[in-house]
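Working through the structure, step by step
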Amino acid sequence: MKHNWLLPVLLLCSGASVANVRLPAVLADNMVLQQNAAAKLWGWSDPGEKIFITCSWGQTVDSVVGTRDGHWELAVRTPAAGGPYSIQIRGWNTITLKNVMVGEVWVCSGQSNMEMCENWGLPDVKAELPGCANDRIRFFHVPRTTSASVQDDCPGRWAVCDSSELKSFSAIGYFFGKKLNQELGVPVGLIEASWGGTNGEDWTPAELVTGDSVLKAAEDKEEPKNGWPYLSGYCYNAMIAPLTRFSIAGALWYQGESNVVAPDAYAKLLAVMIGAWRKAWDKPFPFYYVQIAPFNYGVRDQASLLREQEGKCQDIEGTGMVVISDLVSDTMDIHPKDKHDVGLRLANWALAETYHRPGVTYKNPRFQHMEAGGGRLKLSFGDAPNGLLVRGPMVLTLQVAGEDRIFYPAEGKVDGSKIEVWSKLVKQPVAARYQFSNAGIGNVYSKEGLPVQPFRTDEW
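The following paragraphs examine the structure supplied in this document. (Residues numbered from 1 in each chain as written. Predicted model: local features only at pLDDT ≥ 70, side-chain atom pairs only at ≥ 80, totals over all residues. Heavy atoms only, no water.)

1. Some thoughts on the overall build of the protein
- Across its full length, the protein holds eleven helices and 23 strands.
- When the backbone C-alpha atoms are referred to their principal axes, the protein occupies close to 110 × 45 × 35 Å.
- The long-range share in the protein, meaning contacts at least 24 apart out of those at least 6 apart in sequence, stands at 73%.
- On the protein, roughly 19900 Å² of surface is accessible, and the fraction owed to carbon and sulfur atoms is 51%.
- Looking at the protein, you have 44 positive and 50 negative side-chain charges, and the mean spots of the two groups are 2 Å apart. (Helix = DSSP H or I, 4+ residues; strand = E, 2+ residues; numbered from the N terminus. Contact = heavy atoms within 4.5 Å. Areas by Shrake-Rupley, 256 points an atom, 1.4 Å probe, with all protein chains shown as cover. Lys, Arg positive; Asp, Glu negative; His and termini not counted. Charge placed at Lys NZ, Arg CZ, Asp CG, Glu CD.)

Here it is, written out as structure tokens:
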């Protein structure tokens, strides 16, 4: 009997060795879970520890056992959009996630034009601040982070949209999310993982870049910059990979300015990156992206070649490209200030293609084919169901060339969804280009008001 005091001491010591259940940063109060999905919950625990999970929208208690390496994961079926809900996760300790909404979740990634926020002096966002508070729009902002290896967690926190939180969040992401919230009437969660000045390779798994001779050669052309990652995979490992268990509806992308030094590989790079992200999420989610804007880059036509590569990615299933040449007021500024309309155009892609809303105008007219004859070229366009129009007295940025491959300024005449093109300096034109320069801004639109995509008919 004199040793009875040992029992509570042993229990206390035993209890001190038990590890608490832990969660990644993205699973937290104020988060938005994807609706009508098998949403994963995961974290860390003792090996063999039994964990019980109760979601306030359901009537059941689910359980999972920690693996030998101290991880656990469980998929819970989410209801249709709604909330707020709570989620209790109970092992040796208990965690209760509060103010959880269920709705639509989108990842917003890329470089500085995706990163730009009110703190950059954007007037459209500043005008939003007084009335932006909305409990049904939530932000998760991943800070700039790099890693040489894939990470399973990242810094960040979920926050309810208000004037304080909006100041430092992606303007494009916000305007996109606001439009979806208004049109769909559901909560929207926005996850921003962006970093100004980064290359596309930074956001792509390293082995997919270094193992491909074309992509590796393109990466080698990019000069390292102090203060930025310049090795493939570093942003993916730290800022994307930790999110890939979290169920999403889709992704937005605005990047490319840092890849103009090697434009010819960009279509392949973006296709590889999209494929890698979809594989990691185990979902062929929609991927909507922004074509880089007109800007006076140092090397002739390098931006045009990259835009052309971006245009080719439209043929990847489940993608859509937004053209923003008409939203640029200063071609000496690589950061167009109008992020409101960029966000709305991305939202219209999602509303039409992801959420199947009828009557949404979202596709930019795209060159389809050319006919030559009589000293003129006739160019036909798709995605212009009601025809084209010219804003101004004449078509701008048109060029034609003959067999000598020398391009001259050309005139154009719109006829329905076609443009007839000619030049007094080229008797027998065989090729045409439109807005094919670094900083050129065209003026041909669909009658619905969206600018024609830049293009060339040649492959010279």
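2. A word on the nonpolar core
- In terms of nonpolar packing, the biggest core is built from 72 residues, with Ile87, Ile191, Trp203, Phe246, Trp277 and Phe287 touching the most fellow members.
- A total of eight residues in this core trace back to one element, the largest contributor, which is helix H9 (residues 266–281).
- When neighbours within four sequence positions are excluded, Ile191 is seen to be in contact with Val26, Val105, Trp106, Val107, Cys108, Phe140, Val142, Trp158, Leu243 and Phe246.
- Of all hydrophobic cores here, the second largest spans 42 residues; its members include Tyr288, Val322, Ala350 and Leu351. (Core = buried A, V, L, I, M, F, W, Y, C linked by side-chain atoms within 4.5 Å. Buried < 20%, exposed > 50% of the residue type's maximum accessible area, 1.4 Å probe, protein only.)

3. Description of the pairing of strand E13 (residues 319–322)
- Neither face of E13 is exposed, since Thr319 and Met321 on one face and Gly320 and Val322 on the opposite face are all buried.
- Where strand E12 (residues 287–290) meets E13, four bridges bridge the pair, whose relative direction is parallel. Bridge pairing in E13 links Phe287 to Thr319.
- Note that the unit made of E12, helix H10 (residues 302–312) and E13 has a crossover that is right-handed. (Pairing = 2+ DSSP bridges. Right-handed = clockwise from strand over helix to strand, strands pointing away.)

4. Points about the packing of H9 against H10
- As a packed pair, H9 and H10 sit with axes 8 Å apart at the nearest point and diverge in direction by 40°. Viewed along their axes, H9 and H10 adopt a mutual orientation that is oblique. Considering only the axes of H9 and H10, their crossing is right-handed. Along the contact surface, H9 presents Tyr266, Ala267 and Lys268, while H10 presents Leu306, Gln309, Glu310 and Lys312. (Axes fitted to C-alpha atoms, helices over the stretch in contact; angles between N-to-C directions. Parallel < 35°, antiparallel > 145°, perpendicular 65-115°, else oblique. Left-handed = near helix turned anticlockwise from the far one by under 90°.)

5. Description of the pattern of salt bridges
- Under the criterion given, the structure shown has 18 salt bridges.
- Across the pair Glu183 and Lys179 runs a salt bridge, and its minimum N-O distance is 3.5 Å. With Glu183 and Lys179 both in helix H5 (residues 171–184), this residue pair falls four residues apart, about one helical turn.
- The partner of Asp212 in a salt bridge is Lys268, with the nearest N and O atoms 2.7 Å apart. (Salt bridge = Lys/Arg side-chain N within 4 Å of Asp/Glu carboxyl O.)

6. Quick notes on H5
- Helix length check: H5 (14 residues) gives 20 Å between terminal C-alpha atoms against 20 Å at 1.5 Å per residue, within 8%.
- Counting buried positions along H5 yields ten of 14 residues, so the element is predominantly enclosed.
- For H5, the full list of buried residues reads Ala171, Ile172, Gly173, Tyr174, Phe175, Phe176, Gly177, Leu180, Asn181 and Leu184.
- N-cap assignment for H5: the residue whose side-chain oxygen lies 3.5 Å from the backbone N of Ile172 is Ser170.
- Directly beyond the C-terminal end of H5, a positive phi value near 70° is found at Gly185. (Expected span 1.5 Å × (residues − 1). Polar contact = N/O pair within 3.5 Å; in protein donor to acceptor, adjacent residues only side chain to side chain.)

7. Some thoughts on the sheet that holds strand E20 (residues 418–422)
- Within the open sheet, the four strands sit side by side as E14-E15-E20-E19. Their pairing is antiparallel. Two strands in the sheet have a free side with no partner beyond their single neighbour: strand E14 (366–373) and strand E19 (411–415). Between one strand and the next, the sheet's axes are offset by a mean angle of 25°, whatever the strand orientation.
- Two elements, E19 and E20, share five bridges in a ladder whose sense is antiparallel. When the sheet's bridge partners are listed, Glu411 is paired in E20 with Trp422.

8. Quick look at H10
- With eight of its eleven residues buried, H10 lies for the most part within the structure.
- Taken residue by residue, H10 has Gln302, Ala303, Ser304, Leu306, Arg307, Gln309, Glu310 and Gly311 as its buried positions.
- If you follow the buried residues of H10, they end up packed against H9, E12, E13 and E14.

9. Digging into the side chain of Ser380
- On the secondary structure map, Ser380 appears in strand E15 (residues 376–382).
- Judged by relative accessible area, which is 5%, Ser380 ranks as buried.
- Apart from the residues within four sequence positions on either side, Ser380 is in contact with Arg366, Phe367, Gln368, His369, Ser417 and Lys418.

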